[in-house]
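# Survey of secondary and tertiary structure
Given next are the chains, with one letter for each unit.
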Amino acid sequence: MDVDAFREQSLQTWDSMAAGWEARHAFLQRNMGHLNDWIIERTTPASGQVVLEVGAGPGDLGHRIAALVGPQGRVISTDFSAEMVEVAQRLGTTRGLENVEYRQLDAEAMDLDDASVDAVVGRSVYMLLADPAAALREARRVLRSGGSVAFTAFTTPDQNPWWAVPAAVLVQRGHLPPPQPGAPGVFSLGDPERVRALATGAGFSTLIIEHVDFAFHYADDEDAWNAIVDLNGPLAVIIHRLPTDERDATRRAVLDAYESFQNPDGSHSVPAQALAVHAQ
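Residues numbered from 1 in each chain as written. Predicted model: local features only at pLDDT ≥ 70, side-chain atom pairs only at ≥ 80, totals over all residues. Heavy atoms only, no water.

### Considering the overall build of the protein chain
- Across its full length, the protein chain carries 10 helices and seven strands.
- In terms of overall dimensions, the protein chain is globule-like: its C-alpha atoms have a radius of gyration of 18 Å, near the 19 Å expected for 280 residues.
- Principal-axis analysis of the C-alpha atoms gives the protein chain an extent of 55 × 40 × 35 Å.
- For the protein chain, the share of sequence-separated contacts (at least 6 apart) that also reach a separation of at least 24 residues comes to 80%.
- When the accessible surface of the protein chain is split by element, carbon and sulfur atoms take 49% of a total near 12,200 Å².
- Each charge class in the protein chain was averaged separately, 21 positive and 38 negative side chains, and the resulting centres sit 3 Å apart. (Helix = DSSP H or I, 4+ residues; strand = E, 2+ residues; numbered from the N terminus. Rg over C-alpha atoms; globule rule 2.2 N^0.38 Å. Contact = heavy atoms within 4.5 Å. Areas by Shrake-Rupley, 256 points an atom, 1.4 Å probe, with all protein chains shown as cover. Lys, Arg positive; Asp, Glu negative; His and termini not counted. Charge placed at Lys NZ, Arg CZ, Asp CG, Glu CD.)

The following block contains the structure:
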């Protein structure tokens with residue numbers, strides 16, 4: 001893998017997703033808020049602490065933590081994508097938050113002092129990085145003594161049809177190559193033993209790794225499809241580039257495959273599973 005090319009493509013992808021993540025931030029909170037709950041319960045942010053959020057996206061996790069650390073504390077909300085940073089800042093302003101600093105920051109090489117934060121949090125970010133080992137070493141470097149990192153990562157395709165189904169359709173229709181083992185991506189940190197090795201290699205000694213089962217809930221077919229094209233990063237980029245006829249055919253194939261997750265009222269509940277990790 002050409003790491004530099006991957007990073008550039010990843011930056012372009014998530015910049016292009018920022019508008020969709022802003023428009024659907026309430027959907028993300030409803031469907032992924034319990035992952036935020038897990039992270040907050042493990043890191044127990046307290047008044048006066050400084051908490052770093054990496055890969056913040058629309059910033060909802062950091063915004064919740066900001067209320068817990070209070071006016072004497074601070075949240076540093078960061079993302080590799082400048083467009084995502086702007087989204088988080090706009091949403092934070094609407095929530096009246098004054099103790100959040102917003103920065104474009106590369107989680108693999110952070111422009112932060114050693115031992116400068118009390119906790120590092122990141123929902124669904126480390127799995128997308130070219131070098132998660134470097135990012136975890138950086139998290140360890142900036143943590144103060146006794147601090148911890150908490151993050152989530154999706155497990156395996158069979159446990160996550162919300163992503164695996166549209167990805168498989170794109171592969172079958174020749175628009176996406178089959179995933180390469182070990183390459184960055186939604187399922188790259190799905191193996192608890194790999195996560196454990198990365199965390200211990202970065203200098204963390206006390207680990208908790210749990211499986212969290214949940215589902216993405218869509219109001220109807222249109223909501224399910226829009227969630228894919230508004231939020232699902234690399235898949236959305238490919239879909240947007242398809243000719244209209246092929247995009248429509250892909251949509252039909254995906255929604256046909258989603259039928260088994262349809263509820264009697266026409267809504268969908270599509271299973272998902274994540275690893276939740278806390279390392280001290």
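### A word on the pattern of salt bridges
- A full pass over the atoms with the stated rule returns 17 salt bridges.
- Residue Asp230 pairs with Arg24 through a salt bridge whose shortest N-O separation is 4.0 Å. Residue Asp230 is found in helix α8 (residues 221-231), and its partner Arg24 is found in the loop between α1 (3-23) and α2 (25-43); the two are separated by 206 residues along the sequence.
- Of the residues examined, Asp230 reaches a relative accessible area of 25% and is grouped as partly exposed.
- A relative accessible area of 13% places Arg24 in the buried class.
- For Arg74, the salt bridge is made with Glu101, and the minimal N-O distance between the two is 2.6 Å. Taken together, the residues span a long stretch of sequence, with Arg74 in strand β2 (residues 74-79) and Glu101 in strand β3 (residues 100-104) at a distance of 27 residues.
- Among the charged side chains, a network of salt bridges with common partners joins Arg74, Glu101, Arg103 and Asp111. (Salt bridge = Lys/Arg side-chain N within 4 Å of Asp/Glu carboxyl O. Buried < 20%, exposed > 50% of the residue type's maximum accessible area, 1.4 Å probe, protein only.)

### Some points on a negative patch on the surface
- Together, Asp220, Asp221, Asp256 and Glu259 make up a negatively charged patch on the protein surface.
- Among the structural elements, Asp220 can be located in the loop between β6 (207-218) and α8. (Patch = residues over 30% accessible without salt bridge, like charges linked within 9 Å, V, L, I, M, F, W, Y side chains within 5 Å.)

### Observations concerning the pairing of strand β7 (residues 268-279)
- Within β7, 10 of the 12 residues are buried, leaving the element largely enclosed by the surrounding structure.
- Sheet topology places strand β5 (residues 143-154) next to β7; six bridges connect them, and they run antiparallel. Bridge assignment links Val149 to a residue of β7, and that residue is Ala279.
- Pairing geometry for β6 and β7, over 12 bridges, is antiparallel. Pairing of Leu207 across the sheet is with Ala279, part of β7. (Pairing = 2+ DSSP bridges.)

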